[in-house]
Amino acid sequence: MPHATSTPGRRARRATTASFIGTAVEWYDFYIYGTATALVFGKLFFPTASPAAGTLAAFATFWVGFLARPVGGLIFGHIGDRVGRKNVLVTTLVLMGSATTLIGVLPTHASIGVAAPVLLVLLRAVQGIAVGGEWGGAVLMATENTEHKRRGLAGMWVQQGSPAGAVLASLVFIAVGHLPDDAFLSWGWRVPFLLSAVLVVIGLVIRLKVSESTDFEEARKHEEAAPKIPVVELFRTSWPLVLLGVGASAMGISSAYFTNTFVLSWATSDLGVHRQTMLDILLVLAVLQFLWQPLAALLAQRVGTVRLMAGALVANIVVAVPMFLLIATRDSALIGVGLALGVLTGCSYYALLAGFLSQAFPVRVRYTGVSMAYQLCSTVIGGSTPLLAQWLLTRGGGHWPVVGYYVVLLLLTTVSVLALARRRPQPDDEAPTGAREPEGRPAVA
């Protein structure tokens, strides 16, 4: 129900808070699946395979969620552009919570045989569809309800949902990780999934109180209705922006799954690091990201969004080799330092990605545009990251082929960010790359 008496500032804060909390719940659901993939799914759902093959099979189910994300982006982007953003975000939250809770009660291969991994894949696909519609809508609800000069900060709070979800996921898995192995494998791993039902109720209560997006309402007021089929209009008029958006999102999506899924699996299996140690490290890293991202967004107001994003990506390239060398030492402190190097550089760019992408597309097809760019990247690049990294590791050559893959993704992201910055419609609160910012006007996306 719209809040007609709300001041613009209160409306913006309510929208940003609802987007952050809802997105944190969605990412919590997505991250606990990734953690369970690395730790238990191979053993419980693919027990007849060798350990390496079981891990690869588990990572394949992980990718299914990413394969489904463009479907969610297409479906909910269409509804969001035609009908509005708010109701879509309520639907995606319910869909995600339902799928995650059902995974928590799913029988394993020992109970129902091959039906177990089949059902796991189906529920993972539902998770992917939900997230596919969630992220773009949350970004738009936060940024479209905020004045232009503060949209970078509003977008950053949507990005805060990722580390917040990771912190919560790590805390819950650390708690159940103290259980003996038999208890952890029989019922302990289910607790994080069942907790999702409680979190979804909290998120729904908050989201139902939010008004529709200001930009969407203004567009309707001026009869700028969305086209009948937004995705057709999008690819007819803005396909280069979609492709560049895919590239610009590459490392933003992949980095979390390098760390929370592939490195977790690599360290606890091949390197022999204890499960609990790695979960503790991941928790510290998620807290570090949550604290650092707001500072990156504030810094962008001084130096410019595009400059900071590009600089952070170049810094990430520089620390890539040291990061993997430190992980390979098997020393927990050095592993933490190595991963922290990647997190600090990577999240400086990731904090600004939502606001950056949100202004790349016109309002009429913005939900579809943002969703398709981000979710196509999730399918083609992000979701395949743990699977490809594990394949590169198991085929020989140690971790160096994985390092090469990591650097290639960073180069693709850097080039795409710079190209998209020059092609997208230029917002009035950000100067072009390399240009001097107008005096007194913050440079945020």
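Scroll up to find the structure this text is about.
A count of helical and extended segments in the chain gives 19 helices and zero strands. On C-alpha atoms alone, the chain measures out to a radius of gyration of 21 Å, which is about the 22 Å that the 2.2 N^0.38 rule sets for 445 residues. Projecting the C-alpha coordinates of the chain onto the three principal axes gives extents of approximately 60 × 45 × 35 Å. Across the 445 residues that make up the chain, the buried fraction comes to 61%.

A full pass over the atoms with the stated rule returns 19 aromatic pairs. Both rings, one in Phe20 and one in Trp157, keep their centres 5.8 Å apart while their planes meet at 80 degrees; by these two values the pair is edge-to-face. With Phe20 in helix H1 (residues 8-45) and Trp157 in helix H6 (residues 151-159), this residue pair connects regions lying 137 residues apart in the sequence. For the ring pair Phe41 and Phe193, a centre distance of 6.2 Å and an interplane angle of 35 degrees mean the geometry is tilted. Taken together, the residues span a long stretch of sequence, with Phe41 in helix H1 and Phe193 in helix H9 (residues 191-207) at a distance of 152 residues. Classification of Phe41 as buried rests on a relative accessible area of 0%. Taking relative accessible area as the criterion, Phe193 reaches 0% and is therefore assigned buried. Cluster of aromatic residues (ring-pair linked, three or more members): Phe258, Phe262, Trp266, Phe324, Tyr405 and Tyr406. The ring of Tyr33 carries Arg124 above its face, with NZ or CZ at 4.2 Å from the centroid.

So, about the side chain of Asn316. Looking at where Asn316 falls in the secondary structure, it is placed in helix H15 (residues 305-328). A polar contact of 3.2 Å, which involves the side chain of Asn316, links it to the side chain of Tyr406. Beyond its immediate stretch of four places on either side in the chain, Asn316 contacts Gly342, Thr345, Gly346, Tyr406 and Leu410.

Here we take up the pattern of salt bridges. What the rule picks out here adds up to five salt bridges. The salt bridge partner of Asp181 is Arg275, with a shortest N-O separation of 3.3 Å. You can see Asp181 sitting in helix H8 (residues 181-186) and its partner Arg275 sitting in helix H14 (residues 275-303), a full 94 residues away along the chain. Look at Asp181 and you get partly exposed, because its relative accessible area is 47%. Classification of Arg275 as buried rests on a relative accessible area of 17%. Here the residues in one salt-bridge network are Glu233, Arg236 and Arg364, joined through shared partners.

A few words now on the nonpolar core. Most often, soluble globular proteins have nonpolar side chains that are buried together. Ranked by internal contacts, the top residues of the largest apolar core, which has 131 residues, are Phe41, Phe45, Trp135, Trp189, Phe258, Tyr349 and Phe356. The dominant element in this core, judged by the number of residues it contributes, is H1, at 16 residues. In contact with Phe41, other than residues within four places in its own chain, are Tyr33, Ala36, Phe46, Ala58, Ile103, Leu120, Trp189 and Phe193.

With that out of the way, let us pick up unusual backbone geometry. The residue Arg330 is not glycine, and still its phi comes out positive at about 70 degrees. Counting through the fold element by element, Arg330 comes out in the loop between H15 and helix H16 (332-358).

With respect to the secondary-structure elements, Val314 resides in helix H15. On the accessibility criterion, Val314 (44% relative accessible area) is partly exposed. Placed 37 residues apart in sequence, Val314 and Ala351 show a C-alpha to C-alpha distance of 16 Å.

Following both chains from N to C, one finds helix H2 (residues 51-82) and helix H18 (residues 385-394) inclined at 155 degrees, their axes separated by 8 Å at the closest point. Classified by the angle their axes make, H2 and H18 are roughly antiparallel. In this structure, H2 crosses over H18, and the sense of that crossing is left-handed. Here Thr55, Leu56, Phe59, Ala60, Phe62 and Trp63 of H2 lie close against H18, whose contacting residues are Pro386, Leu387, Gln390 and Trp391. Partitioned by chemical class, the residues of the contact of H2 with H18 number eight nonpolar, two polar and no charged.

Once that is clear, we can look at helix H3 (residues 86-104). Given a rise of 1.5 Å per residue, 19 residues ought to cover 27 Å, and the 28 Å separating the end C-alpha atoms of H3 matches this to within 8%. Of all the residues in H3, the buried ones are Lys86, Val88, Leu89, Val90, Thr92, Leu93, Met96, Gly97, Ala99, Thr100, Ile103 and Gly104.

In this section: the packing of H16 against helix H19 (residues 400-423). The contact between H16 and H19 brings their axes to 13 Å, and the two run at 35 degrees. Relative to H19, H16 is oriented so that their crossing is left-handed. Of H19, the residues touching H16 (which contributes Gly342, Tyr349, Phe356 and Leu357) are Tyr406, Thr413, Val417, Leu420 and Ala421. Counted by class, the contact of H16 with H19 contains seven nonpolar, two polar and no charged residues.

The next subject is a nonpolar patch on the surface. There is a patch of nonpolar side chains on the surface, built from Ile112, Val114, Val118, Leu119 and Leu122 and spanning about 430 Å² of accessible area. No other element matches the three residues that helix H5 (residues 115-143) contributes to the nonpolar patch. For Leu122, the position within the fold is in helix H5.

This part covers the environment of Ala68. Mapping Ala68 onto the fold places it in helix H2. C-alpha of Ala68 to C-alpha of Arg190: the two residues are 122 residues apart in sequence and 23 Å apart in space.

In this section: helix H7 (residues 161-177). When the terminal C-alpha atoms of H7 are compared, their 23 Å separation across 17 residues agrees well with the 24 Å that a helix rising 1.5 Å per residue should span. Burial of H7 is extensive: 14 of the 17 residues sit out of reach of the surface.

Cut-off values and rules
- Every residue gets a number counted from 1 within its own chain, in the order that chain's sequence is written.
- This being a predicted model, a pLDDT of at least 70 is required before a residue's local features are given, and a value of 80 or more before pairs of side-chain atoms are given or counted; all residues contribute to the totals for chains, interfaces and linings.
- Only hydrogens and water are set aside when side-chain values are computed; all heavy atoms of the structure are taken into account.
- Only DSSP runs of H or I with at least four residues qualify as helices, and only runs of E with at least two residues qualify as strands; both kinds are numbered from the N terminus onward.
- The atom set for the radius of gyration is the C-alpha atoms, and the globule formula is 2.2 Å times the number of residues raised to the power 0.38.
- Burial classes: relative accessible area under 20% of the type maximum marks a residue as buried, over 50% as exposed, and values in between as partly exposed (1.4 Å probe, protein chains only).
- Stacked, tilted and edge-to-face are the three classes assigned to paired rings of Phe, Tyr and Trp, where Trp is represented by its six-membered ring and a pair needs centres within 6.5 Å; plane angles under 30 degrees give stacked, over 60 edge-to-face, the rest tilted.
- Charge over a ring is defined by NZ of Lys or CZ of Arg lying within 6 Å of the ring centre and within 35 degrees of the ring normal.
- In protein, a polar contact means a hydrogen-donor-capable atom and an acceptor-capable atom, both N or O and within 3.5 Å, with residues adjacent in sequence counting only if both atoms are side-chain atoms; elsewhere, any N or O pair within 3.5 Å suffices.
- Contacts are assigned to residue pairs that have any heavy atoms within 4.5 Å of one another.
- By convention in these notes, a salt bridge is any Lys or Arg side-chain nitrogen within 4 Å of a carboxyl oxygen on Asp or Glu.
- Nonpolar core, defined: a set of buried Ala, Val, Leu, Ile, Met, Phe, Trp, Tyr and Cys residues in which side-chain atoms within 4.5 Å join the residues together.
- With axes taken as lines fitted to C-alpha atoms, and helix axes fitted only over the stretch in contact, angles between N-to-C directions fall between 0 and 180 degrees.
- Each angle receives one of four descriptions, namely roughly parallel if under 35 degrees, roughly antiparallel if over 145, roughly perpendicular if within 65 to 115, and oblique otherwise.
- Here a crossing is taken to be left-handed if its near helix is turned anticlockwise relative to the far helix by less than a right angle, and right-handed if that turn runs clockwise.
- Three categories are distinguished: nonpolar for Ala, Val, Leu, Ile, Met, Phe, Trp, Tyr, Cys and Pro, charged for Asp, Glu, Lys and Arg, and polar for the others, with Gly belonging to the last.
- The span one expects for a helix is its residue count, reduced by one, times 1.5 Å.
- Residues qualify for a patch when their relative accessible area is over 30% and they have no salt bridge, like charges being joined within 9 Å and the nonpolar side chains of Val, Leu, Ile, Met, Phe, Trp and Tyr within 5 Å.
- Note on areas: these come from Shrake-Rupley sampling with a 1.4 Å probe, and a residue is covered only by the protein chains present in the view.

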